[in-house]
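# Commentary on secondary and tertiary structure
Chain residues, written in single-letter form:
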Amino acid sequence: ARSLREGTLWVLGALALLLVLALVSFHKDDPSFWNTGDGGSVHNWIGPVGAWLAGFFFSLFGRPAYLFPVMLAYAGWLVHKEQPLPDARSRINTILRAAGFGVTLLTSCGLANLHWDGTALPSSAGGVVGEFVGGHSEAALRFLGATLLLLALWFSGVALFLGVSWFDVMDKLGAWVLTAINWAQTKIEQRRELASGQQRKQA
């Protein structure tokens, strides 16, 4: 069972890397899901399959398509980390994480459609999904209301997907900031004492 989980980790990690490379090397002239191409050579680093995948994900989801490699890599890590025989609680956690990813993806597409420029993409910055979510949200709540609602849902979706608490994140960030401030103050005091000692020595 451990070997199976480790193999799943490597396979999902490789798929995530391939998808990242396909998305990064997206070219609008490649034949893909939405375009027949210009008849020339394929520019995508992963070849025709990569060009088709990049066109498909960018057409539907826009820039938030980069969430899918993250999801694949994170799913591989969870499979490798968890026990081989999932109980009812593990299945509920899986369902909640999947729902969190869905909410994160939908709200990311909507926010991208509202705030980003997608001229270099097949559809828009948020893809077809972003046009639907962002367009309907803006029509119902105006730009500010749609942004606030989608941001709140985005934070909730990320918390479900990653299983993190934003309050814990804020506490840790605050502790790191205070530690950095104390370290900087200590260094400043040490330099002042060193400079004062050198002045006394010269005197």
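Residues numbered from 1 in each chain as written. Predicted model: local features only at pLDDT ≥ 70, side-chain atom pairs only at ≥ 80, totals over all residues. Heavy atoms only, no water.

## Structural notes on the pattern of salt bridges
By the definition in use, this model includes one salt bridge. The salt bridge partner of Arg192 is Glu189, with a shortest N-O separation of 3.6 Å. With Arg192 and Glu189 both in helix α6 (residues 166–202) and three residues apart, this pair spans about one turn of that helix. (Salt bridge = Lys/Arg side-chain N within 4 Å of Asp/Glu carboxyl O. Helix = DSSP H or I, 4+ residues; strand = E, 2+ residues; numbered from the N terminus.)

## Some thoughts on the environment of Ala73
Following the sequence through the fold, Ala73 ends up in helix α3 (residues 67–81). Using a relative accessible area of 35% as the deciding quantity, one classes Ala73 as partly exposed. In this structure the C-alpha to C-alpha distance between Ala73 and Val49, which are 24 residues apart in sequence, comes to 20 Å. (Buried < 20%, exposed > 50% of the residue type's maximum accessible area, 1.4 Å probe, protein only.)

## A word on helix α5 (residues 127–162)
Its 36 residues place the ends of α5 only 24 Å apart at the C-alpha level, less than the 52 Å of an ideal helix rising 1.5 Å per residue. At Arg142, α5 shows its strongest bend, of approximately 115°. Looking at the residues trailing α5, positive phi occurs at Gly163, about 70°. (Expected span 1.5 Å × (residues − 1). Bend = angle between axes of the 7 residues up to and from the residue.)

## Topic: the nonpolar core
Across soluble globular proteins, nonpolar side chains have a tendency to be buried as a group. One finds Leu23, Phe57, Phe58, Phe61, Ala65, Phe68 and Leu105 to be the most contacted residues of the largest nonpolar core, which totals 22 residues. Of all the secondary-structure elements, those providing two or more residues to this core are α1 (2–24), α2 (47–61), α3, α4 (88–115) and α5. (Core = buried A, V, L, I, M, F, W, Y, C linked by side-chain atoms within 4.5 Å.)

## Some points on the packing of aromatic side chains
Applying the stated criterion across every chain, the model contains 13 aromatic pairs. Measuring from centroid to centroid gives 5.1 Å for Phe26 and Phe58, while their planes differ by 70°, and the two rings are edge-to-face. With a gap of 32 residues between them, Phe26 in the loop between α1 and α2 and Phe58 in helix α2 connect regions that are remote in the sequence. Overall, Phe26 belongs to the buried group, its relative accessible area being 17%. Accessibility expressed as a relative area gives 3% for Phe58, which makes it buried. Every member of this aromatic cluster is reached through a ring pair, and the members are Trp52, Phe56, Phe57, Phe61, Phe68, Tyr74, Phe101 and Phe161. (Phe/Tyr/Trp six-rings, centres within 6.5 Å; stacked < 30°, edge-to-face > 60°.)

## Observations regarding the packing of α2 against α5
Between α2 and α5, the least distance of the axes is 2 Å, while the angle of their chain directions is 5°. Between α2 and α5, the interaxial angle falls into the category roughly parallel. Facing α2, whose interface residues are Phe58, Ser59, Leu60 and Phe61, α5 presents Gly127, Val128, Val129 and Gly130. Residues of the contact of α2 with α5, tallied by class, amount to five nonpolar, three polar and no charged. (Axes fitted to C-alpha atoms, helices over the stretch in contact; angles between N-to-C directions. Parallel < 35°, antiparallel > 145°, perpendicular 65-115°, else oblique. Contact = heavy atoms within 4.5 Å. Nonpolar A, V, L, I, M, F, W, Y, C, P; charged D, E, K, R; others polar.)

## Remarks on unusual backbone geometry
Phi at Arg142 is positive, roughly 65°, even though this residue is not glycine. Structurally, Arg142 can be placed in helix α5.

## A look at the packing of α1 against α3
For the pair α1 and α3, the least separation of the axes is 8 Å and the interaxial angle reads 170°. Here α3 runs roughly antiparallel to α1, going by the angle between their axes. On the side of α1, the interface is formed by Arg5, Glu6, Thr8, Leu9, Leu12, Leu15, Ala16, Leu19, Val20 and Leu23, while α3 contributes Phe68, Pro69, Leu72, Ala73, Ala75, Gly76, Trp77, Val79 and His80. Residue composition of the contact of α1 with α3, by class: 14 nonpolar, three polar and two charged.

## Details of a nonpolar patch on the surface
A surface patch of nonpolar side chains, about 290 Å² in accessible area, is lined by Val103, Leu141, Leu149 and Leu153. Broken down by element, the residue count for the nonpolar patch peaks at three residues, all from α5. Assignment of secondary structure puts Leu141 in helix α5. For Leu141, a relative accessible area of 41% translates into the label partly exposed. (Patch = residues over 30% accessible without salt bridge, like charges linked within 9 Å, V, L, I, M, F, W, Y side chains within 5 Å. Areas by Shrake-Rupley, 256 points an atom, 1.4 Å probe, with all protein chains shown as cover.)

## Comments concerning the confidence of the model for the protein
Per-residue confidence for the protein gives a mean pLDDT of 88, with 95% of residues at or over 70. The lowest-confidence element of the protein is α3, averaging 89 in pLDDT; the highest-confidence one is α5, averaging 94. (pLDDT = per-residue confidence, 0-100.)

## A word on the environment of Ser59
Mapped onto the elements, Ser59 comes out in helix α2. With 45 residues separating them in the primary sequence, Ser59 and Thr104 have C-alpha atoms 18 Å apart. In contact with Ser59, other than residues within four places in its own chain, are Phe33, Trp34, Pro122, Ser123, Gly127 and Val128. At 2.5 Å, the side chain of Ser59 and the backbone oxygen of Gly55 are in polar contact. (Polar contact = N/O pair within 3.5 Å; in protein donor to acceptor, adjacent residues only side chain to side chain.)

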